[in-house]
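Residue strings, one per chain:
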Amino acid sequence: MESSILVSSIMTSSIVTLNITDSLTTADTLFKKHKIRHLPVVENGKLVGMLSLTDLTRISLAELNDDDSIVGMTLYNMFTLEQVMTKNLITVEVEDTIESVAKILAEKDFRALPVMAGKVLVGILTTTDLIKYLLKQYERNAMKK
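Counting restarts for each chain, with residues numbered from 1 along the sequence as it is written. Given that the model is predicted, a residue must reach a pLDDT of at least 70 before its local features are reported, and side-chain atom pairs must reach 80 or more before they are shown or counted; all residues, however, enter totals for whole chains, interfaces and linings. Calculated side-chain values reflect all of the structure's heavy atoms, with hydrogen atoms and water omitted.

Asker: Summarise the overall build of the protein; cite the residues concerned and give the values.
Answerer: Secondary structure is summarised from DSSP: a helix means a run of H or I of at least four residues, a strand means a run of E of at least two, and numbering begins at the N terminus for each. What the protein contains, in helices and strands, is 6 helices and 6 strands. Each helix and strand of the protein, placed in order from N terminus to C terminus, yields the pattern β-α-β-β-α-α-α-β-α-β-β-α. Taken over 145 residues, the protein has a buried fraction of 34%. Residues are treated as being in contact if the distance between any of their heavy atoms lies within 4.5 Å. For the protein, contacts bridging at least 24 residues in sequence account for 55% of all contacts bridging at least 6. To measure how exposed things are, a 1.4 Å probe is used in the Shrake-Rupley method; for residues, cover is taken only from the protein chains shown. Carbon and sulfur atoms make up 53% of the accessible area of the protein, which totals about 9,200 Å². When accessible area is computed with a 1.4 Å probe and restricted to protein chains, residues below 20% of their type maximum are described as buried, those above 50% as exposed, and intermediate ones as partly exposed.

Asker: Outline the sheet that holds strand β5 (residues 112-117), listing residues and values.
Answerer: Within a sheet, each strand pairs with its neighbour through backbone hydrogen bonds, oriented either parallel or antiparallel. By this definition, two strands are paired if DSSP reports at least two bridges between them. If you trace the 3 strands from one edge of the open sheet to the other, you get β4-β5-β6, paired in mixed fashion. The outermost strands of the open sheet, each flanked by one partner alone, are β4 (92-93) and β6 (120-126). Relative to β6, β5 runs antiparallel, the two sharing 6 bridges. Bridge pairing in β6 links Ala-117 to Val-120. Packing of helix α5 (residues 98-108) onto the sheet brings it into contact with β4, β5 and β6, and relative to β5 it is tilted by some 145 degrees. All axes are obtained by fitting lines to C-alpha atoms, using only the stretch in contact for helices, and the reported angles, taken between N-to-C directions, cover 0 to 180 degrees.

Asker: An account of a positive patch on the surface is needed here, citing residue identities and associated values.
Answerer: On the surface, a cluster of positive charge is contributed by Lys-132, Lys-136, Arg-140 and Lys-144. Mapping Lys-144 onto the fold places it in helix α6 (residues 127-144). By relative accessible area, which is 69% here, Lys-144 ends up exposed. Patch definition: residues with relative accessible area over 30% and no salt bridge; like charges joined within 9 Å; nonpolar side chains (Val, Leu, Ile, Met, Phe, Trp, Tyr) joined within 5 Å. By definition here, a salt bridge exists when the distance from a side-chain nitrogen of Lys or Arg to a carboxyl oxygen of Asp or Glu is within 4 Å. As used throughout, the charge tally considers Lys and Arg to be positive and Asp and Glu to be negative, leaving His and the chain termini uncounted. The atoms used to mark charge sites are NZ of Lys, CZ of Arg, CG of Asp and CD of Glu.

Asker: Which residues make up the pairing of β5, and what are the values?
Answerer: Most of β5 sits out of view: 5 of its 6 residues are buried. The pairing of β4 with β5 spans 2 bridges and is classified as parallel. Paired with Glu-93 across the bridge in β5 is Met-116. Hairpin connection from β5 to β6: 2 residues lie between these consecutive antiparallel strands, with Gly-118 at a positive phi of about 70 degrees.

Asker: Requested: an account of the sheet that holds strand β1 (residues 18-19), with residues and values cited.
Answerer: Pairing is mixed in the open sheet, where 3 strands are placed in the order β1-β2-β3. One side of each edge strand has no neighbouring strand; the edge strands of this open sheet are β1 and β3 (46-52). When strand β2 (residues 38-43) meets β3, the two strands line up antiparallel, connected through 6 bridges. Bridging across to β3, Val-42 finds its partner in Leu-47.

Asker: Account for unusual backbone geometry, naming residues and giving values.
Answerer: Most peptide bonds take the trans configuration, and most residues that are not glycine carry a negative phi. Even without being a glycine, Lys-35 presents a positive backbone phi close to 55 degrees. Within the secondary structure layout, Lys-35 lies in the loop between α1 (24-34) and β2. Its relative accessible area of 75% is what places Lys-35 among the exposed residues.

Asker: Please give an account of the pattern of salt bridges that cites residues and values.
Answerer: In this structure the tally under the stated criterion is 4 salt bridges. In this structure, the salt-bridge partner of Asp-28 is Lys-32, at a minimum N-O distance of 3.1 Å. Of the two residues, Asp-28 and Lys-32 are both situated in helix α1; the distance of 4 residues between them amounts to about one turn of the helix. Residue Glu-99 is joined to Lys-103 by a salt bridge in which the shortest nitrogen-to-oxygen separation is 3.8 Å. Taken together, the residues Glu-99 and Lys-103, both in helix α5 and 4 residues apart, mark about one turn of the helix.

Encoded structure:
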């Protein structure tokens with residue numbers, strides 16, 4: 001496996017974001033609609049935080065099904081996005097290697113990292129993206145044998 005491959009080659013570049021003024025109900029809707037687990041939070045185009053599905057589940061006390069949507073919305077209305085999101089993010093750059101980013105994910109026990117081009121959010125790299133890349137490498141190596 002080549003260690004100089006850039007994170008930009010495997011990151012998710014079609015990112016769904018939240019605005020800092022969005023509600024947690026909006027976040028819940030986006031998680032379900034796009035079948036994702038991490039939403040970068042922006043304010044005036046600048047990355048200010050990250051909300052994970054785990055963060056949302058934590059405040060709802062338990063994962064709610066559709067029958068419990070009224071209870072979930074009530075709980076969501078008790079908090080703002082800014083109160084629940086993770087701030088002071090560690091970000092990575094598009095020029096970072098997959099190896100260096102994998103080390104951050106493993107050492108910090110993160111599941112996703114925002115990918116920046118300078119001060120501009122251009123993608124998100126998740127553990128799923130990394131696993132898919134590793135599986136492709138494994139399949140290529142298996143075919144060579």
